[in-house]
Amino acid sequence: METYGAQIVASPSNDTQVGKKFLAQDPKHTGSLGIAISEALEDCVTHQPDTKYSIGSVFNHVLMHQTIIGQEALKQFEMANVYPDVVIGCIGGGSNFSGFALPFVREKIKGGKKTRVVAVEPTAAPSLTKGIYTYDFGDTGQMTPFVKMHTLGSSFIPAPIHAGGLRYHGMAPIVCALFDAGVIEAVAVPQNPVFAAAIQFTRAEGIAPAPESAHAIRVAIDEALKCKASGEKKVIAFNLSGHGHFDLQGYADYLANKLPDYEYPAEAVAQAVAQLPKVKIAA
Ligand SMILES: Cc1ncc(COP(=O)(O)O)c(C=O)c1O
């Protein structure tokens, strides 16, 4: 990015009011996706009159834009003359998972397909599997409109796992509604088994996946192992959402046995949930 003339600062930064607020609370703040969104919003709205902020996930229109991936995947399955029994994607705010999975969800709802659709989140930020379903802000600085979602509380800061793209407190409304209705499933996995899957995949395929994507790979391997044990044959599809070329420190830490696994921080989440905005629904 610097090669192209960009200037890079770590979030939270001293460049925004919201960043300063979080640094005042903790000068060694580990940041989060939710804080980075708040800083980007503030910078754009207050300091860059010629710039618009385009959100990258969470809101439903972003998910819709990404569905070109699932549409293409459907076509590829058609060409291969097979159809997946299980569709798997990693999930942070929801756009990657939904971009891949929603066209298969459509086929499930409208076309009667029986496909299992599985979202994979980190145990450090388990918004679908452990969050509550209510109204919350999409960002930690509480600047976005309210969103009805499974949330760990917008003030919750997930542990500094390497899958930075999955360190988010909430979830896209469409994903939450589908999860609530039992159309899709969710599972949470810790980062060490995720990196083990990433390395197994790299050695088999010659592609080092992003730690985010490796969450989906972990569960795809687990599903395949279940089939191996039961003797069942299944077509398992997962989305390889990115490469891990900028995540080699995570690989190095894993190989040096230096990666901690983070469990669901029940107390921190309870505190964050207690601070959720009180929303009255008009009758
Ligand atoms: C490689 C990769 N995969 C998946 C995701 C998760 O995307 P989403 O937050 O839209 O669920 C990210 C997010 O940054 C990512 O970097």
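Sequence positions are assigned chain by chain, starting from 1 and proceeding in written order. The model is predicted, so local features are restricted to residues of pLDDT at least 70 and side-chain atom pairs to those at 80 or more, both for listing and for counting; the totals for chains, interfaces and linings are taken over all residues.

Colleague: Looking at this structure, I do not really get the overall build of the protein. What am I missing?
Modeller: Broken down by element type, the protein carries 11 helices and 6 strands. For a compact globule the rule gives 2.2 Å times the number of residues to the power 0.38, and the radius of gyration it is set against comes from C-alpha atoms. Taking 283 residues into account, the globule formula puts the C-alpha radius of gyration at 19 Å, and the protein, at 19 Å, falls close to it. Along the longest, intermediate and shortest principal axes, the C-alpha atoms of the protein span 55 × 55 × 40 Å. Out of the 283 residues belonging to the protein, those deemed buried represent 43%. Contacts in the protein between residues at least 24 apart in sequence constitute 70% of all its contacts with a sequence separation of at least 6. A run of DSSP states H or I qualifies as a helix once it reaches four residues; a run of E qualifies as a strand once it reaches two. Both are numbered from the N-terminal end. Here a residue counts as buried when 20 or more other C-beta atoms sit within 10 Å of its C-beta, as exposed when there are 12 or fewer, and as partly exposed otherwise, the C-beta atoms being derived from the backbone. Any two residues are considered in contact once their C-beta atoms, placed from the backbone, lie within 7 Å.

Colleague: I tried to follow helix α5 (residues 95-111) on my own but got confused; where do I start?
Modeller: Every α-helix carries 3.6 residues per turn, so stepping three or four residues along brings you back to the same face. Working rule for helices: expected span equals 1.5 Å times residues minus one. The terminal C-alpha atoms of α5 lie 23 Å apart, and with 17 residues this matches the ideal 24 Å at 1.5 Å per residue to within 8%. For α5, every residue scored as buried is listed here: S95, N96, F97, S98, G99, F100, A101, L102, P103, F104 and V105. Packing partners of the buried residues in α5 comprise α3 (60-66), α4 (68-80), β1 (86-90), β2 (116-122) and α7 (173-180). Immediately beyond the C-terminal end of α5, within one or two residues, lies G112, with a positive phi of roughly 75 degrees.

Colleague: Looking at this structure, how should I read the site of the ligand?
Modeller: Surrounding the ligand, one finds 16 residues, the nearest of these being S57, G92, S95, G165 and G242. Those elements that provide at least two residues to the shell around the ligand are α5 and α9 (211-230). Among the elements that line the shell around the ligand, the one with the most residues is α5, at 3 residues. Each residue gets one label: Ala, Val, Leu, Ile, Met, Phe, Trp, Tyr, Cys and Pro are nonpolar, Asp, Glu, Lys and Arg are charged, and the others, such as Gly, are polar. Tallied by class, residues from the shell around the ligand come to 5 nonpolar, 10 polar and 1 charged. Placing the C-beta atom from the backbone, one calls a residue near a molecule or strand if that atom lies within 6 Å of it.

Colleague: Mind showing me how you'd approach the nonpolar core here?
Modeller: Most often, soluble globular proteins keep nonpolar side chains buried together rather than apart. The term nonpolar core refers to a group of buried residues, namely Ala, Val, Leu, Ile, Met, Phe, Trp, Tyr and Cys, whose C-beta atoms join them within 7 Å. One finds I88, A101, A119, V120, V175, A216 and I217 to be the most contacted residues of the largest nonpolar core, which totals 62 residues. Examining the composition of this core, we find that 6 residues originate from one element, α5, more than from any other. Shared between two domains, this core holds at least three residues of each, these being domain 1 (17-47) and domain 2 (60-274). Dropping the residues within four chain positions of it, A216 is found in contact with I88, G89, C90, V120, F238 and N239. Either an automatic procedure or a domain database provided the assignment from which the domain bounds are taken.

Colleague: Please clarify how the domain arrangement of the protein should be interpreted in this entry.
Modeller: By a frequent convention, interface size equals the accessible area lost on bringing the separate parts together. Here the protein is partitioned into domain 1 (17-47) and domain 2 (60-274). One C-alpha centre belongs to domain 1, the other to domain 2, and the line joining them spans 25 Å. Counting from both sides, the interface comprises 10 residues of domain 1 and, opposite them, 13 residues of domain 2. Among the elements that make up the side of domain 1 that touches domain 2, the one with the highest residue count is helix α2 (residues 33-47) (7 residues). In terms of residue class, the side of domain 1 that touches domain 2 is built from 5 nonpolar, 4 polar and 1 charged.

Colleague: Just checking my understanding: could you explain the sheet that holds strand β6 (residues 236-238) for this structure?
Modeller: Across a sheet, strands are paired by hydrogen bonds formed along the backbone, either parallel or antiparallel in direction. Only strands joined by at least two bridges in the DSSP assignment are considered to pair. Within the open sheet, the 4 strands sit side by side as β5-β2-β1-β6. Their pairing is parallel. In this open sheet, the two strands that pair with only one neighbour each are β5 (185-189) and β6. On average, adjacent strands in this sheet sit at an angle of 25 degrees to one another, irrespective of strand direction. In this structure, β1 lies alongside β2, joined through 5 bridges in parallel fashion. Note on β2: the bridge partner recorded for V86 is R116. In this fold α9 packs onto β1, β2, β5 and β6, with an angle of close to 150 degrees to the strand it touches most, β1. The axes used here are C-alpha line fits, helices contributing only the stretch in contact, and every angle between their N-to-C directions lies in the interval 0 to 180 degrees.

Colleague: Just to check I follow, could you spell out the packing of helix α1 (residues 17-25) against α2 for this structure?
Modeller: In a pair of packed helices, the angle between the axes and the distance between the axes together describe the arrangement. Running from amino to carboxyl end, α1 crosses α2 at an angle of 145 degrees, the nearest separation of the two axes being 8 Å. When α1 is examined against α2, the residues Q17, V18, G19 and F22 are found in contact with a partner set consisting of I35, S38, E39 and E42.

Colleague: It is not clear to me how the environment of V175 should be interpreted in this structure. Could you clarify?
Modeller: Take V175: it is sitting in helix α7. A residue is classified by how many C-beta atoms lie within 10 Å of it, and V175, with 29 of them, is buried. Residues V175 and L63, spaced 112 residues apart in sequence, show a C-alpha to C-alpha distance of 9.4 Å. Among residues more than four places away in sequence, those in contact with V175 are G94, F97, S98 and A119.

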